[in-house]
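If you want the building blocks of each chain, they are given just below.
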Amino acid sequence: MKRPSPLALFATLSRLPFGRELFSRGVCRTAPYFGSIRPLVTELRVGRCEARLDNRRSVQNHIGTVHAIAMCNLCELVAGLLIEATLPASLRWIPKGMTVRYLRKADTDLHAVLEWQLLLPADFKGDVVLPVQVFDSRQQCVMEADISMYVSPRR
């Protein structure tokens, strides 16, 4: 039996009360490490993914701001969801690397945004880079991440 696509699942669940929370929890059950930041996926459509992270003690560093690795985790979540939702079924992906730029202290709740419109042929093999931005509640960009994904045909 074929699994529903993340796009279809998000579209269905997001119409329901607490549907985005259910979708986000499901993502964290599939990839448990994401659960450490308790993300909320707020948007997932072709070409765009957005998720939130609440600034709470469990994601903070010693100076009371959101820890850099928590932000990296949020970026990888957004990138993984978008590429999974965007690629043709004939392709698979795996994270290959991440380059990050910390621009200012992350002392509020955060949201990560990725917009990506690249269309890949069904037999593509190679690297793609997904640019993610993380914003604070003042709409200031606190971090940028370029996430490299290796894409190849499914066996």
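As a starting point, this report considers the structure included with it. (Residues numbered from 1 in each chain as written. Predicted model: local features only at pLDDT ≥ 70, side-chain atom pairs only at ≥ 80, totals over all residues. Heavy atoms only, no water.)

1. Considering helix α1 (residues 6–13)
Taken together, the buried positions of α1 are Pro6, Leu7, Phe10 and Leu13. Relative to the axis of α1, the buried residues are bounded by an arc of 145° and lie together on one face. Tucked into the core, α1 has its buried residues touching α2 (19–30), β1 (40–45) and α3 (68–86). (Buried < 20%, exposed > 50% of the residue type's maximum accessible area, 1.4 Å probe, protein only. Helix = DSSP H or I, 4+ residues; strand = E, 2+ residues; numbered from the N terminus. Arc of directions from axis to C-beta. Contact = heavy atoms within 4.5 Å.)

2. Some words on the packing of aromatic side chains
Scanning the entire structure with this criterion turns up 1 aromatic pair. Both rings, one in Phe10 and one in Phe23, keep their centres 5.2 Å apart while their planes meet at 80°; by these two values the pair is edge-to-face. Of the two residues, Phe10 is situated in helix α1 and Phe23 in helix α2; the sequence distance between them amounts to 13 residues. (Phe/Tyr/Trp six-rings, centres within 6.5 Å; stacked < 30°, edge-to-face > 60°.)

3. Focus: the pattern of salt bridges
Counted by the stated rule, this structure contains 11 salt bridges. Its salt-bridge partner being Arg45, residue Glu43 comes within 2.6 Å of it at the nearest N-O pair. Accessibility expressed as a relative area gives 42% for Arg45, which makes it partly exposed. Among the salt bridges present, the one from Arg52 reaches Asp109, with a minimum N-O distance of 3.4 Å. Highlighted residues: Arg52 in strand β2 (residues 48–53) and Asp109 in the loop between β3 (91–102) and β4 (110–115), separated in sequence by 57 residues. Owing to a relative accessible area of 30%, Arg52 belongs among the partly exposed residues under this scheme. With relative accessibility at 29%, the residue Asp109 sits in the partly exposed group. Within this structure, Glu43, Arg45, Arg48, Glu50 and Glu115 form a network of salt bridges that share partners. (Salt bridge = Lys/Arg side-chain N within 4 Å of Asp/Glu carboxyl O.)

4. Let's talk about the pairing of β4
In terms of burial, β4 is largely enclosed, as 5 of its 6 residues are buried. Alignment of β4 against strand β5 (residues 126–136), held across 5 bridges, turns out to be antiparallel. Looking at β5, one finds that Ala112 is bridged to Val134. (Pairing = 2+ DSSP bridges.)

5. Quick notes on the side chain of Asp136
Considering the arrangement of structural elements, one finds Asp136 in strand β5. Side-chain polar atoms of Asp136 contact the backbone nitrogen of Arg138, separated by 2.9 Å. If we skip the residues at most four places from it in the chain, Asp136 touches Thr108, Asp109, Leu110, His111 and Val142. (Polar contact = N/O pair within 3.5 Å; in protein donor to acceptor, adjacent residues only side chain to side chain.)

6. Focus: the environment of Gln117
Mapped onto the secondary structure, Gln117 falls in the loop between β4 and β5. On the basis of relative accessible area, Gln117 is assigned to the exposed category, the value being 57%. Spatially, the C-alpha atom of Gln117 lies 8.6 Å from that of Thr86, the residues being 31 residues apart in sequence.

7. Considering a positive patch on the surface
Residues Arg3, Arg92, Lys125, Arg154 and Arg155 make up a contiguous surface patch of positive charge. By the secondary structure assignment, Arg92 is in strand β3. The exposure class assigned to Arg92 is partly exposed, which follows from its relative accessible area of 32%. (Patch = residues over 30% accessible without salt bridge, like charges linked within 9 Å, V, L, I, M, F, W, Y side chains within 5 Å. Areas by Shrake-Rupley, 256 points an atom, 1.4 Å probe, with all protein chains shown as cover. Lys, Arg positive; Asp, Glu negative; His and termini not counted. Charge placed at Lys NZ, Arg CZ, Asp CG, Glu CD.)

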